Amino acid sequence: MVRLAKYNANTFIDGAICIAAACGIGSVSMSAIAVKAGAPIGSVYHRFDSRSTLLAHAWLTVKADFREQVARHWDEEDTWIPVAALLDWCRGKPVYARFLLQYEDCPDLGAPLSPELSELLEVEQARLDACFERCLLRRRADGDDAAHTLRFMLIDAPIAIVKPYLAQNKPIPATLDAILRASHDAVDALAASPH
């Protein structure tokens, strides 16, 4: 009979995400992850050769989920759809949202990564960038101003409004949707008007 592993890579990735979301990236260590998972530290090192490798996998997990749940909506005709998806994602996966808030783009993981893992990080970021580029094309938006305006509508404004609640581990109130919708519609109308 085959003996199944008691701990798998996802157990440790989830542990790293939870620790980082609750206490900050600086609190993530191999021993803290082992304690979180209730596993021997050797089990963590058996699957990940370093803290930076484990954090890279955590980042990839969260970023891919964000892309699949939120960014894939960026090229919808109605730009409110991805904003609503972002709010839903933050409410449904606040641990992931708090983890992602600690990084702007690709995180500084504190140590060099293998070429293969570095490439995976670049590929994931390229997929996310491609979602945004498709949105710009759909809106026939040209130039830096258009890209900044679109980024503000889809990412910056929604993140700014939910960040205080996520940072304090509080539920995101439903009243924020109407405030954000009014902001979104005003910026959208301004962007659509001839200058």
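A quick note: this is a predicted structure, and the numbers were derived from the prediction, not measured.

Description of unusual backbone geometry
Its identity is not glycine, yet N169 carries a phi of approximately 55 degrees, on the positive side. Relative to the helices and strands, N169 is located in the loop between helix 8 (143-167) and helix 9 (175-192). Residue classification places N169 among the exposed residues on the basis of a relative accessible area of 54%.

A few points about the packing of helix 4 (residues 51-69) against helix 7 (residues 115-138)
Where helix 4 contacts helix 7, the axes come no closer than 10 Å and their chain directions differ by 20 degrees. Overall, the two elements helix 4 and helix 7 adopt an arrangement that is roughly parallel. Here helix 4 runs over helix 7; the crossing is left-handed. Across from T53, A56, H57, W59, L60, K63, A64, F66 and R67 in helix 4, the residues of helix 7 making contact are L117, L120, L121, E124, Q125, R127, L128 and C131. When the residues that make up the contact of helix 4 with helix 7 are grouped by side-chain class, the tally is 10 nonpolar, three polar and four charged.

Let's talk about the packing of helix 7 against helix 8
Close contact between helix 7 and helix 8 brings their axes to 11 Å; oriented N to C, the two are set at 115 degrees. Between helix 7 and helix 8, the angle is such that the two are roughly perpendicular. Of the two elements, helix 7 crosses helix 8, and the hand of that crossing is right-handed. Contacts from F132, C135 and L136 of helix 7 reach helix 8 at A146, A147, L150, R151 and L154. For the contact of helix 7 with helix 8, the per-class residue count stands at seven nonpolar, no polar and one charged.

As for helix 9
Residues separated by three or four positions in an α-helix point in the same direction, a consequence of the helix having 3.6 residues per turn. Taking 1.5 Å as the rise per residue, helix 9 with 18 residues should run 26 Å; its terminal C-alpha atoms sit 26 Å apart, in good agreement. Listed in full, the buried residues belonging to helix 9 are L176, L180, H184 and V187. Axial view of helix 9: buried residues confined to an arc of 75 degrees, hence all on one face. When the buried face of helix 9 is taken as reference, the exposed residues oriented beyond 90 degrees from it are T175, A178 and A192. Buried positions along helix 9 lie against helix 5 (80-92) and helix 8.

Analysis parameters
- Residues numbered from 1 in each chain as written.
- Predicted model: local features only at pLDDT ≥ 70, side-chain atom pairs only at ≥ 80, totals over all residues.
- Heavy atoms only, no water.
- Helix = DSSP H or I, 4+ residues; strand = E, 2+ residues; numbered from the N terminus.
- Buried < 20%, exposed > 50% of the residue type's maximum accessible area, 1.4 Å probe, protein only.
- Axes fitted to C-alpha atoms, helices over the stretch in contact; angles between N-to-C directions.
- Parallel < 35°, antiparallel > 145°, perpendicular 65-115°, else oblique.
- Left-handed = near helix turned anticlockwise from the far one by under 90°.
- Contact = heavy atoms within 4.5 Å.
- Nonpolar A, V, L, I, M, F, W, Y, C, P; charged D, E, K, R; others polar.
- Expected span 1.5 Å × (residues − 1).
- Arc of directions from axis to C-beta.

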